[in-house]
Amino acid sequence: MNGISFVFPCLNEAETVKQCIDELKTTLSSRPDISYEIIVADNGSTDETAAIASAAGARVVPVEEKGYGAALKGGFAAAELDYIAFADADGSYPLNKIPEMFDAAVKEDADMVIASRMNGGEIEEGAMPFLHRHLGTPVLTALINILFRGKLTDCNSGFRLIKKTRYQTWTLDANGMEFASELLITALKTRSKIVEIKGGLRRDLRSRKPHLKTWRDGMRHLLFILSERPELFDCLGFFGVLLMLCLSCVTLIAGPSVVGGFHIFDIHTKMLLIGGSILFMQLYQAGCYLYTASGSRPCLWVTRKVLNWDEANVFFVLLLLFLIEAAGIGIIIVSWCRNDFHNLQQSDLLFGLTQLLTLIGSFMIGLLTNSMIRRFRKKN
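**Student:** Describe the overall build of the protein chain, with residues and values.
**Tutor:** Within the protein chain, the regular secondary structure consists of 13 helices and 11 strands. Taken against the 2.2 N^0.38 rule, which gives 21 Å for 380 residues, the C-alpha radius of gyration of the protein chain at 28 Å runs more than 25% over that of a compact globule. Each principal axis of the C-alpha atoms in the protein chain carries an extent, and together these give about 90 × 55 × 40 Å. When each of the 380 residues of the protein chain is scored for burial, the buried share is 46%. Contacts in the protein chain between residues far apart in sequence, at least 24 positions, make up 76% of those at least 6 positions apart. Accessible surface computed for the protein chain: about 19,800 Å², of which carbon and sulfur atoms make up 62%. Of the charged side chains in the protein chain, 39 are positive and 39 negative, and the gap between their average positions amounts to 5 Å.

Following this line, the structure appears as structure tokens:
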């Protein structure tokens with residue numbers, strides 16, 4: 001049926017839920033061509049939220065699993081009409097925008113319509129914390145746009161409308177606040193059509209503190225966004241390690257030099273190259289961990305090869321690397337003994353071996369960890 005199932009995720013919203021329901025009913029009543037239903041996804045409220053919502057004309061759907069995303073998924077599952085819309089039940093979103101969102105979805109055959117607060121929408125004074133408006137939302141939105149080829153202005157808008165048939169093709173796992181990012185990223189990865197309209201934001205009408213925790217939930221969004229792009233770590237880490245090794249070779253061949261008054265390729269350069277090698281190897285290993293945990297296909301051939309090694313290959317590779325590591329350490333110890341345990345005047349050898357041994361050691365630990373993660377996934 002061509003209409004809107006509007007979902008309010010609620011946890012102890014007795015103070016504002018009726019006002020939101022009434023505003024939505026008044027708005028949609030002016031559009032007789034739009035059928036609608038109002039669903040309150042009650043996430044275990046201990047106040048009168050459920051009773052007030054039911055009396056106001058909403059259908060209350062209890063959702064036992066805790067979390068913003070869990071509540072929305074529970075409400076979406078109960079939706080009966082062709083489009084699903086949702087917004088917070090705190091009175092902060094101007095619900096009179098819903099007809100415009102519906103019209104945009106129908107006219108442009110959009111899979112998702114977002115009421116953006118950041119593209120000219122009116123934001124009341126005090127409605128949006130400074131950090132949210134000028135740091136959190138712009139940074140996360142830019143990151144999603146870069147990594148997933150989006151053209152969004154507001155990734156954190158909690159006022160959206162989605163085509164139900166499209167939503168049912170998505171696999172969504174997040175139960176917390178990061179569900180908002182998962183919806184967007186899934187839509188972008190599946191090449192779904194996303195449209196934004198000018199939204200807005202009003203001051204929260206509740207007298208209590210919001211459920212949102214700025215730093216915790218912001219970090220959840222960031223972690224989720226990054227976890228959906230393991231190839232970022234894979235490619236950046238792998239080619240970063242190669243760059244550090246190439247620069248080390250140049251340093252070894254050229255020796256200390258002066259360029260434009262700057263002393264380069266000396267001890268400070270070598271120390272930075274060792275630090276860079278460690279950093280990029282850790283990034284590469286992070287990508288490998290993400291591939292192993294998610295079961296997704298690595299983008300680099302070498303990574304696919306490494307992650308597909310069976311236990312026998314892993315054993316012999318680890319053994320070989322251990323012998324190389326032991327030989328390198330042995331060379332340093334023997335050189336030190338021959339020098340009567342005095343300072344070794346062999347910085348080129350020491351820095352080169354240190355960089356190589358550090359990379360080998362990090363790779364060994366990463367390979368071992370990946371193998372254990374893979375075994376754990378098979379077990380479960």
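**Student:** Now, about the sheet that holds strand β3 (residues 59–62): what can you tell me, with residues and values included?
**Tutor:** Strand order in the open sheet made by the 7 strands is β3-β2-β1-β4-β7-β5-β8, with mixed pairing throughout. Either end of the sheet is taken by a strand with one partner, and the two such strands are β3 and β8 (194–198). Taken pair by pair, the neighbouring strands of this sheet meet at an average axis angle of 25°, ignoring direction. Across 3 bridges, strand β5 (residues 112–116) lies against strand β7 (residues 160–163) in antiparallel orientation. Bridging across to β7, M112 finds its partner in I162. Lying on the sheet, helix α1 (residues 17–29) is in contact with β1 (3–10) and β2 (35–42); it crosses β2 at an angle near 165°. Across the sheet, helix α4 (residues 98–108) lies against β1, β4 (83–86), β5, β7 and β8, angled at about 30° from β7, the strand it touches most.

**Student:** Mind laying out unusual backbone geometry, listing which residues take part and the relevant values?
**Tutor:** Its identity as a non-glycine residue notwithstanding, N12 has a phi of 60°, on the positive side. For N12, the position within the fold is in the loop between β1 and α1. Its relative accessible area of 25% is what places N12 among the partly exposed residues. A positive phi angle is found at R149, which is not glycine, with a value near 55°. Its location among the elements puts R149 in the loop between α5 (130–148) and β7.

**Student:** Help me get a handle on the layout of surface pockets, residues and values and all.
**Tutor:** In this structure, the largest pocket spans a volume of roughly 1,400 Å³. Element by element, the count of residues in the lining of the largest pocket is highest for helix α8 (residues 214–227), at 9 residues. Partitioned by chemical class, the residues of the lining of the largest pocket number 23 nonpolar, 15 polar and 12 charged.

**Student:** Explain α4 to me, and be specific about the residues and the numbers.
**Tutor:** The set of residues buried in α4 consists of I98, P99, M101, F102, A104 and A105. The elements touched by buried residues of α4 are β1, α1, β4, β5, β7 and β8. Immediately beyond the C-terminal end of α4, within one or two residues, lies D109, with a positive phi of roughly 50°.

**Student:** Now, about a nonpolar patch on the surface: what can you tell me, with residues and values included?
**Tutor:** Residues F130, L131, L135, V139 and W215 make up a contiguous nonpolar surface patch of about 560 Å² in total accessible area. If one sorts the elements of the nonpolar patch by residue count, α5 sits on top with 4 residues. Mapped onto the elements, L135 comes out in helix α5. Judged by its relative accessible area of 40%, L135 falls in the partly exposed class.

**Student:** Explain the side chain of S157 residue by residue, including any values.
**Tutor:** By secondary structure assignment, the location of S157 is in the loop between α5 and β7. Assessed through its relative accessible area of 1%, S157 is described here as buried. Looking at S157, its side chain comes within polar contact range of the main-chain oxygen of A115, at 2.7 Å. Looking at S157, its side chain comes within polar contact range of the main-chain nitrogen of F159, at 3.3 Å. Not counting residues within four places of it along the chain, the set of residues in contact with S157 comprises Y93, I114, A115 and R117.

**Student:** Lay out the packing of α5 against α8 with the relevant residues and their values.
**Tutor:** Their axes nearest at 10 Å, the elements α5 and α8 cross at an angle of 10°. Looking at the two axes, α5 sits roughly parallel to α8. The segment α5 lies against α8, with L131, H132, L140, L143, I144, L147 and F148 engaging T214, W215, G218, H221, L222, I225 and L226. For the contact of α5 with α8, the residue count by class is 10 nonpolar, 4 polar and no charged.

**Student:** So what's going on with the packing of helix α7 (residues 179–189) against α8? Residues and values would help.
**Tutor:** How two helices pack is summed up by the angle between their axes together with the distance between the axes. With their axes 9 Å apart at the nearest point, α7 and α8 run at an angle of 25° to one another. Judged by the angle between their axes, α7 and α8 are roughly parallel. The two elements α7 and α8 cross, and the hand of that crossing is right-handed. Residues A180, S181, E182 and I185 of α7 touch α8, and the partners they reach there are H221, F224 and I225.

**Student:** Tell me about α5, residues and numbers included.
**Tutor:** Taking 1.5 Å per residue, 19 residues should reach 27 Å; α5 reaches 26 Å between its end C-alpha atoms and fits that length. Regarding α5, the residues found buried are H132, T137, L140, T141, I144, N145, L147 and F148. Elements that come into contact with the buried residues of α5 comprise α7, α8 and α9 (230–254).

Basis of the calculations
- Residues numbered from 1 in each chain as written.
- Predicted model: local features only at pLDDT ≥ 70, side-chain atom pairs only at ≥ 80, totals over all residues.
- Heavy atoms only, no water.
- Helix = DSSP H or I, 4+ residues; strand = E, 2+ residues; numbered from the N terminus.
- Rg over C-alpha atoms; globule rule 2.2 N^0.38 Å.
- Buried < 20%, exposed > 50% of the residue type's maximum accessible area, 1.4 Å probe, protein only.
- Contact = heavy atoms within 4.5 Å.
- Areas by Shrake-Rupley, 256 points an atom, 1.4 Å probe, with all protein chains shown as cover.
- Lys, Arg positive; Asp, Glu negative; His and termini not counted.
- Charge placed at Lys NZ, Arg CZ, Asp CG, Glu CD.
- Pairing = 2+ DSSP bridges.
- Axes fitted to C-alpha atoms, helices over the stretch in contact; angles between N-to-C directions.
- 1 Å grid on protein atoms, 1.4 Å probe; cavity = no way out; pocket = protein on both sides within 12 Å on 5 of 7 lines; lining within 4 Å.
- Points joined across faces, edges and corners; volume = space filled by probe spheres on them.
- Nonpolar A, V, L, I, M, F, W, Y, C, P; charged D, E, K, R; others polar.
- Patch = residues over 30% accessible without salt bridge, like charges linked within 9 Å, V, L, I, M, F, W, Y side chains within 5 Å.
- Salt bridge = Lys/Arg side-chain N within 4 Å of Asp/Glu carboxyl O.
- Polar contact = N/O pair within 3.5 Å; in protein donor to acceptor, adjacent residues only side chain to side chain.
- Parallel < 35°, antiparallel > 145°, perpendicular 65-115°, else oblique.
- Left-handed = near helix turned anticlockwise from the far one by under 90°.
- Expected span 1.5 Å × (residues − 1).

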